[in-house]
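Examining the three-dimensional arrangement
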Amino acid sequence: MKNKVQFQKGYSLIDFMNDYGSEEQCRKALFKWKWPQGYICPECGGQSYCTLKTRPVFQCNQCHHQHSLTSTTIFASTKLPLTTWFLAIHLLTQAKTGLSGLALGRQLGVSYNTAWSIKQKVMQVMKERDDSKPLSGVIQLDDVYWGGESRGGKRGRGSPKKHPLLQQYLLTHKAIRLR
Ligand SMILES: [Zn+2]
């Protein structure tokens, strides 16, 4: 059993890997953040859809509009797996004193250029979040966290998973290309 006091604020790498270690877990999480009430077609508002077999793309049963899971997110148009992105966000948000592009690249197993690009995008989101605080009152802004509530809330099995950083991105950003 975890020591609740000791682990209350942090979200360890082990926790993270348990929650977001596989591509499937990342996809499921992204789907939930994007469509917390279930899938809604951005074209016609229809809620029934089918999934393409080859890619994580959803096709509306009414208007046949196709919408990729990563559309309108920071992850759009990237060839990197979601697991790489999620881990990058985790590492960057956990590193209170900053993390160099070089160190990030080593941790992720990607080139310096790729790591640098990822870092710029994530830092941009974090900065805009600090500047505008559009979700104030809905989420806590003093601490970025991946797991349940960071303070005074439920943790562990069955607790709601939230990621304000990503959720804000989904609300405010168009796709940004990553080379
Ligand atoms: Zn539709």
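What counts, and where the lines are drawn
Residues numbered from 1 in each chain as written. Predicted model: local features only at pLDDT ≥ 70, side-chain atom pairs only at ≥ 80, totals over all residues. Heavy atoms only, no water. Axes fitted to C-alpha atoms, helices over the stretch in contact; angles between N-to-C directions. Helix = DSSP H or I, 4+ residues; strand = E, 2+ residues; numbered from the N terminus. Parallel < 35°, antiparallel > 145°, perpendicular 65-115°, else oblique. Contact = heavy atoms within 4.5 Å. Nonpolar A, V, L, I, M, F, W, Y, C, P; charged D, E, K, R; others polar. Donors = N, O, S within 2.8 Å, 3.2 Å for Na, K, Ca; no water. Tetrahedral: all angles 85-135°; square planar, octahedral: opposite > 155°, others 65-115°. Buried < 20%, exposed > 50% of the residue type's maximum accessible area, 1.4 Å probe, protein only. Phe/Tyr/Trp six-rings, centres within 6.5 Å; stacked < 30°, edge-to-face > 60°. Patch = residues over 30% accessible without salt bridge, like charges linked within 9 Å, V, L, I, M, F, W, Y side chains within 5 Å. Areas by Shrake-Rupley, 256 points an atom, 1.4 Å probe, with all protein chains shown as cover. Salt bridge = Lys/Arg side-chain N within 4 Å of Asp/Glu carboxyl O. Left-handed = near helix turned anticlockwise from the far one by under 90°.

1. Things to note about the packing of helix 2 (residues 13-20) against helix 3 (residues 23-34)
It is the contact of helix 2 with helix 3, at a shortest axis distance of 7 Å, that shows an interaxial angle of 80°. By the angle class used here, helix 2 and helix 3 are roughly perpendicular. Across the interface between the two elements, M17, N18, D19 and Y20 from helix 2 touch Q25, C26, A29 and W33 from helix 3. Broken down by class, the residue content of the contact of helix 2 with helix 3 amounts to five nonpolar, two polar and one charged.

2. Quick word on the coordination of the zinc ion
Angles at a metal have ideal values that depend on geometry: 109.5 degrees with four tetrahedral donors, 90 or 180 degrees with six octahedral donors. Those donors, C41 (SG), C44 (SG), C60 (SG) and C63 (SG), are the protein atoms that reach the zinc ion, and they lie 2.3 to 2.4 Å from it. If you look at the zinc ion, its four donor atoms make angles of 101 to 114° with each other, and the shape they trace is tetrahedral. On the primary sequence, the residues serving as donors to the zinc ion are separated as C-x2-C-x15-C-x2-C. A residue pair is termed long-range when its members are at least 10 positions apart, and C41 in the loop between helix 3 and strand 1 (49-51) and C63 in the loop between strand 2 (57-60) and strand 3 (66-68) qualify at 22 residues. We classify C63 as partly exposed; its relative accessible area is 35%.

3. Structural notes on the packing of aromatic side chains
Applying the stated rule across the entire model yields ten aromatic pairs. When the centroid spacing of 6.3 Å and the interplanar angle of 35° are considered together, the rings of F31 and Y49 count as tilted. Of this pair, F31 sits in helix 3 while Y49 sits in strand 1; the two residues are 18 residues apart in sequence, bridging distant segments of the chain. Residue Y49 is classed as partly exposed on the basis of its relative accessible area of 31%. Note on Y49 and F58: the rings are 5.4 Å apart at their centroids and 85° apart in plane angle, and the pair reads as edge-to-face. Taken together, the ring pairs in this structure connect F31, W35, Y39, Y49 and F58 into an aromatic cluster.

4. Let's talk about a nonpolar patch on the surface
Among the surface-exposed residues, L102, Y112 and W116 lie close enough to one another that they form a single nonpolar patch of about 320 Å² accessible area. You can see Y112 is positioned in helix 6 (residues 112-132). Assessed through its relative accessible area of 44%, Y112 is described here as partly exposed.

5. Topic: the side chain of Q59
Within the secondary structure, Q59 is located in strand 2. A relative accessible area of 19% means that Q59 is categorised as buried. Apart from residues no more than four positions distant in its own chain, Q59 is found in contact with S48, Y49, C50, L52, H64, H65 and Q66.

6. Points about the packing of helix 4 (residues 82-94) against helix 5 (residues 101-108)
Their axes nearest at 10 Å, the elements helix 4 and helix 5 cross at an angle of 135°. Viewed along their axes, helix 4 and helix 5 adopt a mutual orientation that is oblique. Relative to helix 5, helix 4 is oriented so that their crossing is right-handed. The residues of helix 5 that touch helix 4, namely those facing T84, L87, A88, L91 and L92, are L104, Q107 and L108.

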